[in-house]
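# Coordinates in review
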Amino acid sequence: MNMKAHWNRQIDELNRMMASQATAVEESVQNAIRAVTEKNSELAVAVLDGDDIIDEYEVRIEEECLKVLALYQPVASDLRFVITLLKVNTELERIGDLATNMAKRAIHIAKVHSHEELPDFSAMFMEVSNCLKNALDAFFCRDCSKAEAVIAGDDAIDKRHHDNIAKIVEVIKTNPTNSDVLFDFLTVSRNLERIADSCTNIGEDVIYLEQGIIVRHQRT
């Protein structure tokens, strides 16, 4: 088997591992969201238990990427591809950690029987879920248009988070009785906002991969 065939086989294996990791991460986020909305402790525990699998993928993918760099010393677009895999790999592991943080809050939220005064998070849950799906589609399809849409949508999710802060702080001021669970929801909102930030980073990585342009820090 020649060098090119070995390279292709290595890249196919990396893509397979990345797809498995992405599936695990997306499932973790969806389950964390459901655990919060349904006050489902069992689902939250499943998210916590699944985090080790995501961590294992992250380590294996990084090791394989470093091996590829050492063995094949890729250049140009091939080098950008491996660098992008390393960066997206890190972002996916971070998203898994954020889902875990949400699951921990969900366990506490599940113990609270009534919190009618809380703001409705359903829109933000949907926006962040779509943001993650589109970021992953952009990466696996190398779709710069979709990547740009993910980046453009980040400000709306940031605003949603800031609105959540204002609303929850106002509720705490007028009725501090449920302040503990309200702070849980603040943490959930913050983690959702950070998931969107990681999705934005993935979008920027896709543009780097396809166009060789570093767009990070260039947004106004």
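Residues numbered from 1 in each chain as written. Predicted model: local features only at pLDDT ≥ 70, side-chain atom pairs only at ≥ 80, totals over all residues. Heavy atoms only, no water.

## Looking at the packing of aromatic side chains
Counted under the stated rule, the structure contains four aromatic pairs. Seen in terms of ring centroids, F121 and F185 are 5.3 Å apart; in terms of plane orientation they differ by 85°. Their pairing is edge-to-face. Taken together, the residues span a long stretch of sequence, with F121 in the loop between α3 (76–109) and α4 (122–141) and F185 in helix α7 (residues 179–211) at a distance of 64 residues. Of the two residues, F121 and F185, both sit in the buried class. Consider the rings of F139 and F140, whose centres lie 4.9 Å apart with planes at 70°: the pair is edge-to-face. Judged by its relative accessible area of 36%, F140 falls in the partly exposed class. Among the aromatic residues, ring-to-ring pairing joins F121, F125 and F185 into one connected group. (Phe/Tyr/Trp six-rings, centres within 6.5 Å; stacked < 30°, edge-to-face > 60°. Helix = DSSP H or I, 4+ residues; strand = E, 2+ residues; numbered from the N terminus. Buried < 20%, exposed > 50% of the residue type's maximum accessible area, 1.4 Å probe, protein only.)

## Examining the nonpolar core
The biggest cluster of nonpolar side chains holds 68 residues, and the ones touching the most others in it are L14, L92, I95, V188, L192, I195 and C199. Every element with two or more residues in this core is listed here: α1 (3–37), α2 (41–72), α3, α4, α5 (144–152), α6 (154–174) and α7. (Core = buried A, V, L, I, M, F, W, Y, C linked by side-chain atoms within 4.5 Å.)

## Overview of the side chain of T84
Note on placement: T84 falls in helix α3. Beyond its immediate chain neighbours, meaning those up to four positions away, T84 contacts F139, D205, Y208 and L209. (Contact = heavy atoms within 4.5 Å.)

## Quick notes on the environment of T187
Along the chain, the position of T187 falls in helix α7. A residue is classified by how much of its surface remains accessible, and T187, at 32% relative accessible area, is partly exposed. Between the C-alpha atoms of T187 and I165, which are 22 residues apart in sequence, the distance is 9.7 Å.

Interpretation note: all reported values are geometric properties and have no functional meaning in isolation.
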